[in-house]
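Commentary on secondary and tertiary structure
One-letter residues, chain by chain:
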Amino acid sequence: RVETIMEKVNPRESWTPTKQVDSHVPPMEEVAEYLNGAMKEDFEKVEASVVDCPDMREAPFNLAAEGICGSCRLADVGGPPYLVPSVQRHKVYNLKDIAEEIGLPGANFVGAGAGSSRLAGVNCELMPNSHLKTSTIETHFAKMKDGKPVLNRYESNEFGLLANLLASEGKKGRVLKIVAKQRLSDKTFVGAIRTALGKKYGDKPVALGGVFLIEKGNAKLHVMPDFSDTPLKTDDDVNNWLHFYEAHAPLTMLSVCVSHDPDLDLRVEHTHGFSSHGQGGHYHYDTTPKEVEYIGYFSIAEKIFRIDAPQDTHAIGRD
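These remarks concern the structure in this document.

1. Considerations on the pattern of salt bridges
Tallying each qualifying case throughout the model produces 19 salt bridges. A salt bridge links Arg-153 to Glu-155; the shortest N-O distance between them is 3.7 Å. Under the relative-accessibility criterion, Glu-155 is labelled partly exposed at 22%. Note that Asp-286 is salt-bridged to Arg-183, the shortest N-O span being 2.8 Å.

2. Quick word on the environment of Ile-304
Residue placement: Ile-304 occurs in strand 20 (residues 303–307). Its relative accessible area of 2% is what places Ile-304 among the buried residues. In sequence terms Ile-304 and Leu-83 are 221 residues apart; their C-alpha atoms lie 22 Å from each other. The contact partners of Ile-304, leaving out residues within four places of it in the chain, are Lys-19, Gln-20, Val-21, Ser-23, Leu-74, Pro-205, Ala-207, Val-258, Leu-264 and Leu-266.

3. Re the packing of helix 1 (residues 28–38) against helix 4 (residues 189–201)
Relative to each other, helix 1 and helix 4 sit at 110°, their axes nearing to 10 Å. Looking at the two axes, helix 1 sits roughly perpendicular to helix 4. Between helix 1 and helix 4 the crossing geometry is right-handed. For the pair formed by helix 1 and helix 4, the contact residues are Glu-30, Val-31, Tyr-34, Leu-35 and Ala-38 on the first element and Ile-193, Ala-196, Leu-197, Lys-199, Lys-200 and Tyr-201 on the second.

4. Side note on the pairing of strand 13 (residues 207–216)
Counting buried positions along strand 13 yields 8 of 10 residues, so the element is predominantly enclosed. The pairing of strand 13 with strand 16 (residues 251–258) spans 8 bridges and is classified as antiparallel. What sits directly across from Leu-208, in strand 16, is Cys-257.

5. Regarding the nonpolar core
In globular proteins that are soluble, nonpolar side chains generally tend to be buried together. If you look at the biggest cluster of nonpolar residues, it comprises 67 residues, and the most contacted ones within it are Leu-35, Phe-189 and Ile-214. For this core, the element with the highest residue contribution is helix 4, accounting for 7 residues. Beyond its immediate chain neighbours, meaning those up to four positions away, Phe-189 contacts Met-39, Phe-43, Ile-178, Ala-180, Phe-212, Tyr-283, Tyr-294, Gly-296 and Phe-298. Counting 37 residues, the second-largest nonpolar core is a separate cluster that includes Leu-132, Tyr-154, Leu-161 and Leu-165.

6. Digging into the sheet that holds strand 15 (residues 243–248)
In sheet architecture, strand pairing relies on hydrogen bonds along the backbone and comes in two forms, parallel and antiparallel. Reading across from one edge, 2-12-19-13-16-17-18-14-15 is the order of the 9 strands in this open sheet, with antiparallel pairing throughout. Where the open sheet ends on each side, the last strands, each with one partner, are strand 2 (43–52) and strand 15. Shown here is a sheet whose adjacent strand axes are inclined to one another by a mean of 30°, direction ignored. As defined by bridge partners, strand 2 adjoins strand 12 (residues 174–183) across 9 bridges and the pair is classed as antiparallel. Its bridge partner being in strand 12, Phe-43 is matched across the sheet by Arg-183.

Reading the values: rules and limits
- Residues numbered from 1 in each chain as written.
- Predicted model: local features only at pLDDT ≥ 70, side-chain atom pairs only at ≥ 80, totals over all residues.
- Heavy atoms only, no water.
- Salt bridge = Lys/Arg side-chain N within 4 Å of Asp/Glu carboxyl O.
- Buried < 20%, exposed > 50% of the residue type's maximum accessible area, 1.4 Å probe, protein only.
- Helix = DSSP H or I, 4+ residues; strand = E, 2+ residues; numbered from the N terminus.
- Contact = heavy atoms within 4.5 Å.
- Axes fitted to C-alpha atoms, helices over the stretch in contact; angles between N-to-C directions.
- Parallel < 35°, antiparallel > 145°, perpendicular 65-115°, else oblique.
- Left-handed = near helix turned anticlockwise from the far one by under 90°.
- Pairing = 2+ DSSP bridges.
- Core = buried A, V, L, I, M, F, W, Y, C linked by side-chain atoms within 4.5 Å.

Take a look at the structure:
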């Protein structure tokens, strides 16, 4: 367990200016009907529907709030250029500041990011899962220890370098439920959804965030080791540095995606996951296409915020 114990660094006034766009919010029923057809090229069985959000505080979701609805918005904070080629350790953030920046005090956050190395002691993968209004933190982090990935609880709203977040009021409401089984294509579960939405809505950005379960099958994950002593200048450098491994179901994944980047230098897809059996990290794809079963619950965000975007940007390390 880690807790916030140190002074504030990287104050908001030092950030690059925040950019905001209204995302496209099509009717959920329209999205569900479309995905039922569009995702058939990716999965043997697909069922998309609009349902009442289940109580997300309960297993296997284990979220900090009961739902993922209410004033939904996506926040893309920092980015891989603060990590590679060389780490910028002063890039430390707090979810409370992000909530203020997006005009949603008390927000509920889920998503994928990097942990604060000054709290965790090392570089690490973060699964943000925090409801500020109720001061409930159910966040996990994964790090390397003695050459092996380990998963622990993380009792802080501080994070480092980058995060892709769904912010909401944490309420119950109507959500998009997507069940997919037996993968046919080379797309990820989230990639299949994002690609399909991109085909239908073109340059109108549709932004989704939420939680999905890998109920059966295995998945390729990675966990970042501690910061590299030498600059990571290419994707090959990054991949040789990362620790990849295979995790097994059941896995709970916190995910955000955007169907089109409206010139905000967004990370258009980012998913981190955790489990009750000690496995977690950054999700790449499932490794058992014939057996895999996904079930996801997503909200459609009304706005996209690009916060403290790197001035010197690149596309390395965004897989």
